[in-house]
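Okay, here's what each chain looks like letter by letter:
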Amino acid sequence: GYNPDTPSQVWDRDFKSRFGDAAAAIETGLHRASWVLPRIVASVDPYWGFPTTRGWVERQTLGDSLAAYAKNEGTDVQLFENFADAAKRILAGGATSMVTPIQTSRWFDDTADAILANVRAAEAAIGDKRGNEFDSTITDLKILAQLARFHARRSMAAVHYNLYLQGHHKAEALAAAAGEKEAIAAWK
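So, here is what we can say about the structure in this document. (Residues numbered from 1 in each chain as written. Predicted model: local features only at pLDDT ≥ 70, side-chain atom pairs only at ≥ 80, totals over all residues. Heavy atoms only, no water.)

**Some points on empty space enclosed by the protein**
Evaluated as defined, the whole model comprises one cavity of 30 Å³ or more. Taken as a whole, the largest cavity spans an internal volume of roughly 30 Å³. Contributing to the lining of the largest cavity are Ser 43, Val 44, Phe 80, Glu 81, Phe 83, Pro 101, Thr 104 and Ser 155. Looking at side-chain class alone, the lining of the largest cavity contains four nonpolar, three polar and one charged residues. (1 Å grid on protein atoms, 1.4 Å probe; cavity = no way out; pocket = protein on both sides within 12 Å on 5 of 7 lines; lining within 4 Å. Points joined across faces, edges and corners; volume = space filled by probe spheres on them. Nonpolar A, V, L, I, M, F, W, Y, C, P; charged D, E, K, R; others polar.)

The following block contains the structure:
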């Protein structure tokens, strides 16, 4: 539906007319936020619930409990290490060329931080251009940032839960519970 070679000035002009001085922050925030859902699908969303068939990743916790979430494999099983395999690797002192849940969690946190920084910048710059479109765009950006934060926390909790299942160390159970509590706070 569009020409990928369209000069960025076309988009920049439209953003500027809609959002004034907040345009650059909004555009950058939307670009960053556009990577959140694909990363969730690739790294956490179980293949059987792949979004094109029956999933809605932005509205699903991908497990009613941490125990259920901790069993998930993402849809890209060649690139992203799942939680159970990460626990086995950690206990064995091994390494992997796959993207680990720790790296994925950091990516989610860094992306959430960047999106929220763009939100703050946009809110500071919007001035008299503020309207319903701005408010709904900012709301979407905040939701996607918190969704990234949810998966950052729950992914780490899932690793700790699997470490607990394999080694039965109380510290892992406590870390899993703390991570799940933080994930729930982000979800809310």
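Moving on from the coordinates now.
**With respect to the side chain of Thr 100**
Here Thr 100 shows up in the loop between α5 (83-92) and α6 (101-125). For Thr 100, the contacting residues outside a window of four places in its chain are Glu 81 and Arg 89. (Helix = DSSP H or I, 4+ residues; strand = E, 2+ residues; numbered from the N terminus. Contact = heavy atoms within 4.5 Å.)

**Looking at the environment of Trp 187**
With respect to the secondary-structure elements, Trp 187 resides in helix α8 (residues 170-187). Sequence spacing of Trp 187 and Trp 35 is 152 residues, and the spatial spacing of their C-alpha atoms is 18 Å.

**Quick notes on the pattern of salt bridges**
Pairing between side chains becomes possible if they bear opposite charge and their charged atoms approach one another. Counting across every chain of the model gives 11 salt bridges. Notably, a salt bridge pairs Glu 133 with Arg 18, separated by 2.3 Å at the nearest N-O pair. Taken as a pair, Glu 133 in helix α7 (residues 132-167) and Arg 18 in helix α1 (residues 8-19) lie far apart in primary sequence, 115 residues in all. Overall, Glu 133 belongs to the partly exposed group, its relative accessible area being 36%. Here Arg 89 ties to Glu 81 by a salt bridge, and the two come within 2.9 Å at their closest N and O atoms. Both residues of the pair, Arg 89 and Glu 81, count as buried. (Salt bridge = Lys/Arg side-chain N within 4 Å of Asp/Glu carboxyl O. Buried < 20%, exposed > 50% of the residue type's maximum accessible area, 1.4 Å probe, protein only.)

**Notes on the environment of Ala 175**
Positionally, Ala 175 belongs in helix α8. The class for Ala 175 is partly exposed, based on a relative accessible area of 26%. Taking the C-alpha atoms as reference points, Ala 175 and Ala 157, 18 residues apart in sequence, are found 6.7 Å from one another.

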